[in-house]
Amino acid sequence: MVGEPSGRAEARPSTRTDSRERAEARPSTVYFVAGERSGDDHGAALLTALRALVPEMRFVGRGGPKMRALAGGKFRDWIDDTAVVGLWEVIRRYPFFRKQFQATISEIEAVKPNAVVLIDYPGFNLRLAHTLHAKFPELRIIYYISPQVWAWNRRRVSQMVQFIDLMLCIFPFEPELYNASGLRAIFVGHPMRSVISSRNAAPPRDDKLVGLFPGSREREVKKIFPVMRQAALELSHQDHDLRFVISAASEPLAELIRADLCGKHATGKFSIVTGDARTVMGRVNVGMVASGTATLEAALSELPFVLIYRVAWLTYLAARLVVEVKYLGMPNVLANREIVPEFIQHKAQPRAIAAAVARLLIDKTERTRMLTDFAHVTQRLGRGEASVNAAEAIVTELRHAG
């Protein structure tokens, strides 16, 4: 049922066999748009699930290297050029995005797909959906990984119903919001439930190792890592045996971090691991995590952590005008209370952060409380079949559209 944690796409009754047989009788072309690395990950899992259901389905569009490897053909890898953060970076690169926007519409017009599947990336994809509906009113438009309009602009929902046919949601509270406005929405589960397993068989954590996760974009790292580094040094003064491992999303970001560390006191206590955040989360005892997808990843990895976020002040002030939720970290949003300490903007002070991390290192009661809260959050995210459920919903939508 819609909104139920099972994640089954039951808005239109069908079985997997029935969906597969009908879809295979009329092979379809689907155009995908993903604009960030996380979208490429989710898109690749979705393409894999779709191919298992409908081997003849043709994939075209724009995404990252993982999606391109599965789709082949003329599928475009554009991720390195499109991942931006902050209002002012988007404005600065407006000519580039306008050009890509028009090129995407031209590609869709040439391909004539049966449906377009938009994956996250709301700044680009919501505008694209609106334009596509106006230009090609018969084109089926499906959105996977709902844009978080419930956080920054709930009024957009009443507009989205006009140009989106089906919303595939990864959080359990989202379908009710969309359905109330007349937009068909299904909870399919969260994709991370499929890729992060329980720690039952995991090696023990290193009691003296703290993880720093400063984000996946250059501007995030520049703003957030210096705060994390100073908090780490504060902790090191309190416990000389502590060590710190920094998770860098890419080698360029690792170089940026090395440059920041150069010449700083006690830098020998820091090590850098590139491109393997999940493994780092499994080793460390406590984390400092930049706001974003990594906060939910840490919760699913059963890693006690504190949340840190800083952006340019103009970006922060603009966000304050539109953000409609109490919390920034998704574990807190799902719990509807602060189960993870949040240190945002001017509150992101190294001494306060160090004190919160120290409590999680020392206080077993505090650690147990947070881990218990994480378990409750995890239970709300489905059973780990998000890509399969989303693929079934897409195949069913194509069948009914035909």
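Above this text sits the structure in question.
Below is a summary of the structure that appears in this document. (Residues numbered from 1 in each chain as written. Predicted model: local features only at pLDDT ≥ 70, side-chain atom pairs only at ≥ 80, totals over all residues. Heavy atoms only, no water.)

### Thoughts on the sheet that holds strand S3 (residues 76-77)
The strand order across the open sheet formed by seven strands is S3-S2-S1-S4-S5-S6-S7, and the pairing between neighbours is parallel. Edge positions in the sheet fall to S3 and strand S7 (185-187), since each has one partner strand and no second. The sheet contact formed by strand S1 (residues 29-34) and strand S2 (residues 58-63) spans five bridges and is parallel. Looking at the pairing, tyrosine 31 lines up with valine 60 of S2. Relative to the sheet, helix H6 (residues 94-111) contacts S1, S2, S3 and strand S4 (115-119), its axis offset from that of S2 by approximately 175°. Of the strands in this sheet, S1, S4, strand S5 (140-144), strand S6 (166-169) and S7 touch helix H20 (residues 386-401), which is tilted by about 170° from S5. (Pairing = 2+ DSSP bridges. Helix = DSSP H or I, 4+ residues; strand = E, 2+ residues; numbered from the N terminus. Contact = heavy atoms within 4.5 Å. Axes fitted to C-alpha atoms, helices over the stretch in contact; angles between N-to-C directions.)

### Focus: the pattern of salt bridges
Scanning the entire structure with this criterion turns up 17 salt bridges. Across the pair arginine 62 and glutamate 107 runs a salt bridge, and its minimum N-O distance is 2.8 Å. Placement of the pair is arginine 62 in strand S2 and glutamate 107 in helix H6, with a sequence separation of 45 residues. For glutamate 107, a relative accessible area of 27% puts it in the partly exposed group. In this structure, glutamate 397 engages arginine 184 in a salt bridge whose closest nitrogen and oxygen atoms are separated by 2.7 Å. Pair noted here: glutamate 397 is in helix H20 and arginine 184 is in the loop between helix H10 (174-180) and S7, with a separation of 213 residues, a long-range link. (Salt bridge = Lys/Arg side-chain N within 4 Å of Asp/Glu carboxyl O. Buried < 20%, exposed > 50% of the residue type's maximum accessible area, 1.4 Å probe, protein only.)

### Things to note about the packing of aromatic side chains
Applying the stated criterion across every chain, the model contains nine aromatic pairs. Ring geometry for phenylalanine 101 against phenylalanine 124: centres 5.6 Å apart, planes inclined by 70°, an arrangement best described as edge-to-face. Placement of the pair is phenylalanine 101 in helix H6 and phenylalanine 124 in helix H7 (residues 122-135), with a sequence separation of 23 residues. On the basis of relative accessibility, which here comes to 14%, the residue phenylalanine 101 falls in the buried class. On the basis of relative accessibility, which here comes to 6%, the residue phenylalanine 124 falls in the buried class. An aromatic cluster is defined as three or more aromatic residues linked by ring pairs; in this entry it consists of Trp78, Phe101, Tyr121 and Phe124. One Lys or Arg, arginine 62, reaches over the ring of tryptophan 78 and ends 4.8 Å from the middle of that ring. (Phe/Tyr/Trp six-rings, centres within 6.5 Å; stacked < 30°, edge-to-face > 60°. Lys NZ or Arg CZ within 6 Å of the ring centre and 35° of its normal.)

### Brief notes about the sheet that holds strand S13 (residues 342-344)
Taking strand neighbours across the sheet as the criterion, the six strands line up as S10-S9-S8-S11-S12-S13 in an open arrangement whose pairing is parallel. With partners counted over all chains shown, the strands left at the sheet margins are strand S10 (270-274) and S13, one partner each. The mean inter-strand angle of the sheet, taken between neighbouring strand axes irrespective of direction, is 20°. Taken together, the three bridges between strand S12 (residues 305-309) and S13 define a ladder with parallel strand orientation. Looking across to S13, one finds that isoleucine 308 is bridged to phenylalanine 343. This element, helix H12 (residues 218-238), spans strand S8 (209-213), strand S9 (243-248), S10, strand S11 (286-290) and S12 of the sheet and lies at about 155° to S11.

Geometry only, nothing functional implied.
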